[in-house]
Amino acid sequence: MPVLDHAWRSTRGAREYQEDMAAVWASEAPAEGSGSVAPGPEPACLLAVLADGMGGHAGGALASRIVCDSFIAAFAGHGGPVADRLRDALDSANAAVADRVDADPVLSGMGSTLVAAAVASDGVVWVSVGDSPFYLYRRGEVAQLNQDHSLAPELDRLADLGRITHEEARRDPRRHMLRSAVTGEELDLVDQPIKPLRLEPDDYLILASDGLQTLDTTEIERLVSAYAPDGAAAVASALIRAVEAVRDPHQDNATVIAVRVGGPAA
């Protein structure tokens, strides 16, 4: 497995509370917040998880923490193919939310998005539910790898068909409504690739909450390109600084996990 450098950064934005949660687990766990991992005994793997909670101050923060903690515990506690472990971990996280709501009905309606990416020797596999984006940066370009489970893609499709204007699509208050989320109920939409995506040296993987989308893809691309040589911590910090610099009075929480792919471990 290649050497991996990772870091995560967050901002509350204009909110008075933080509902995002990020975590990284590895077969040889690095220091919290940033670090590197080289392969140890098989199977070597790095797992990055990001959850964006919903359900109010207490409910959203609790949901994202439950989802992250239970997902990592389930993934780390089971063997087998990485893709199967990701899906099993998602189901465990969903069940954990259901159990908490059953125990405390006041929390009914809480939930979270989830995007999780596992990097191993054969590439990266991910699973996602909701609208938290997962980007690949390669050779100066950024592409979103996962599906968006909000109403935004449908509104954009209607705009492309001429049924509404692109400005109407961009400003529609339903744009951020989720079609699927980790709420303890049946998962309506889950995005997961059929096979791993091969990675190349100097690739970056960017997991984020939707608060990062205050920046358009061109700006994300520009910032990653500018700071990529300086490592994952520099990239994550630059993206969060840029979000804060916009000074959007309605800025949502924004969290970024950046993972830089190096060459093969010595």
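Keep in mind that this is a model prediction, so the values were computed, not measured.

**Student:** How should unusual backbone geometry be read in this particular structure?
**Tutor:** In terms of backbone geometry, most residues other than glycine have negative phi values and most peptide bonds are trans. Positive phi outside glycine occurs at R139, with the angle close to 50°. Exposure remark for R139: the relative accessible area of 69% places this residue in the exposed category. A positive phi angle, close to 80°, is found at D202, a residue other than glycine. Within the secondary structure, D202 sits in the loop between α4 (166-171) and β10 (204-208).

**Student:** Honestly, the side chain of R85 in this entry has me stumped. Any pointers?
**Tutor:** Inspection of the secondary structure puts R85 in helix α2 (residues 82-103). Buried charged residue R85 carries no salt bridge. Nearest counter-charge: D88, at 7.9 Å. At 2.8 Å, the side chain of R85 forms a polar contact with the backbone oxygen of H78. Apart from the residues within four sequence positions on either side, R85 is in contact with W25, F75, A76, H78, G79 and G80.

**Student:** Would you take a moment to explain the pattern of salt bridges for this structure?
**Tutor:** According to the stated counting rule, one finds 13 salt bridges in the structure shown. A salt bridge links D252 to R15; the shortest N-O distance between them is 3.4 Å. Here D252 is found in the loop between α6 (232-246) and β11 (254-264), whereas its partner R15 is found in the loop between β1 (2-11) and β2 (20-26), with 237 residues between them in sequence. By relative accessible area, which is 18% here, D252 ends up buried. One continuous salt-bridge network, built from bridges that share partners, spans R138, R139, E200 and D203.

**Student:** I keep staring at the layout of surface pockets and nothing clicks. Help me out?
**Tutor:** Vacant regions in the atomic arrangement are exposed by a probe of water-molecule size rolled over the atoms. In this structure, the largest pocket encloses a volume near 990 Å³. Around the largest pocket, the lining is made up of 32 residues, and of these R175, H176, D210, Q213 and D252 lie nearest the centre. For the lining of the largest pocket, the secondary-structure elements that each account for two or more residues are β4 (46-54), α3 (152-160) and α4.

**Student:** Quick question: what am I supposed to make of the packing of helix α5 (residues 217-227) against α6 here?
**Tutor:** The description of two helices packed together rests on the angle between their axes and the distance between the axes. With their axes 9 Å apart at the nearest point, α5 and α6 run at an angle of 145° to one another. For the pair α5 and α6, the crossing hand works out as right-handed. Residues I220, L223, V224 and Y227 of α5 form the contact with α6, whose participating residues are A234, V235, A238, L239, R241 and A242. Here the residues of the contact of α5 with α6 sort into nine nonpolar, no polar and one charged.

**Student:** Looking at this structure, how should I read α2?
**Tutor:** Each turn of an α-helix holds 3.6 residues, which means side chains three or four residues apart point in the same direction. Compared with the 32 Å implied by 1.5 Å per residue over 22 residues, the 31 Å span of α2 between its first and last C-alpha is a close match. The set of residues buried in α2 consists of R85, L86, A89, L90, A93, N94, V97, A98 and V101.

**Student:** Hey, could you run me through the packing of aromatic side chains in this one?
**Tutor:** Given two aromatic rings, one states the distance between the centres and the angle between the planes to describe the pair. A complete count under the given rule lists three aromatic pairs for this structure. Centroid distance W25 to F75: 5.9 Å. Interplanar angle 75°. Geometry classified as edge-to-face. Of this pair, W25 sits in strand β2 while F75 sits in helix α1 (residues 56-76), and the two are 50 residues apart along the sequence. The exposure class assigned to W25 is partly exposed, which follows from its relative accessible area of 23%. The cationic tip of R85 hangs over the ring face of F75; the distance from NZ or CZ to the ring centre is 4.0 Å.

**Student:** Could you clarify how one ought to interpret the state of the cysteines in this entry?
**Tutor:** By definition, a disulfide links the sulfur atoms of two cysteines through a covalent bond. Enumeration according to the criterion identifies zero disulfides in this entry. The thiol of C45 is unpaired, and the distance to the nearest cysteine sulfur, on C68, comes to 15 Å. By relative accessible area, C68 is classed as buried at 0%.

**Student:** Teacher, can you tell me more about the environment of R139 here?
**Tutor:** Among the structural elements, R139 can be located in the loop between β8 (134-138) and β9 (141-144). Sequence separation between R139 and V125 is 14 residues; the distance between their C-alpha atoms is 20 Å. A polar contact is formed between the side chain of R139 and the side chain of E200, at a distance of 2.7 Å.

**Student:** I keep staring at the environment of D52 and nothing clicks. Help me out?
**Tutor:** Mapped onto the secondary structure, D52 falls in strand β4. Given a relative accessible area of 9%, D52 falls into the buried group. Beyond its immediate sequence surroundings of up to four residues, D52 is in contact with E19, D20, G111, S112, T113, S132, S209, D210 and D252.

**Student:** I tried to follow the nonpolar core on my own but got confused; where do I start?
**Tutor:** In a soluble, globular protein the nonpolar side chains are often hidden away together inside. L47, V49, F71, L86, L90, M110 and V182 are the most contacted members of the largest nonpolar core, which has 30 residues in total. Secondary-structure elements contributing two or more residues to this core are β4, α1, α2, β6 (114-120) and β7 (123-129). Sorting elements by how many residues they give to this core places α1 first, with nine residues. In contact with L86, other than residues within four places in its own chain, are L47, F71, F75, A116, A118, V125, W126, V127 and Q192.

Rules of the game
- Residues numbered from 1 in each chain as written.
- Predicted model: local features only at pLDDT ≥ 70, side-chain atom pairs only at ≥ 80, totals over all residues.
- Heavy atoms only, no water.
- Buried < 20%, exposed > 50% of the residue type's maximum accessible area, 1.4 Å probe, protein only.
- Helix = DSSP H or I, 4+ residues; strand = E, 2+ residues; numbered from the N terminus.
- Lys, Arg positive; Asp, Glu negative; His and termini not counted.
- Salt bridge = Lys/Arg side-chain N within 4 Å of Asp/Glu carboxyl O.
- Polar contact = N/O pair within 3.5 Å; in protein donor to acceptor, adjacent residues only side chain to side chain.
- Contact = heavy atoms within 4.5 Å.
- 1 Å grid on protein atoms, 1.4 Å probe; cavity = no way out; pocket = protein on both sides within 12 Å on 5 of 7 lines; lining within 4 Å.
- Points joined across faces, edges and corners; volume = space filled by probe spheres on them.
- Axes fitted to C-alpha atoms, helices over the stretch in contact; angles between N-to-C directions.
- Left-handed = near helix turned anticlockwise from the far one by under 90°.
- Nonpolar A, V, L, I, M, F, W, Y, C, P; charged D, E, K, R; others polar.
- Expected span 1.5 Å × (residues − 1).
- Phe/Tyr/Trp six-rings, centres within 6.5 Å; stacked < 30°, edge-to-face > 60°.
- Lys NZ or Arg CZ within 6 Å of the ring centre and 35° of its normal.
- Disulfide = S-S within 2.5 Å.
- Core = buried A, V, L, I, M, F, W, Y, C linked by side-chain atoms within 4.5 Å.

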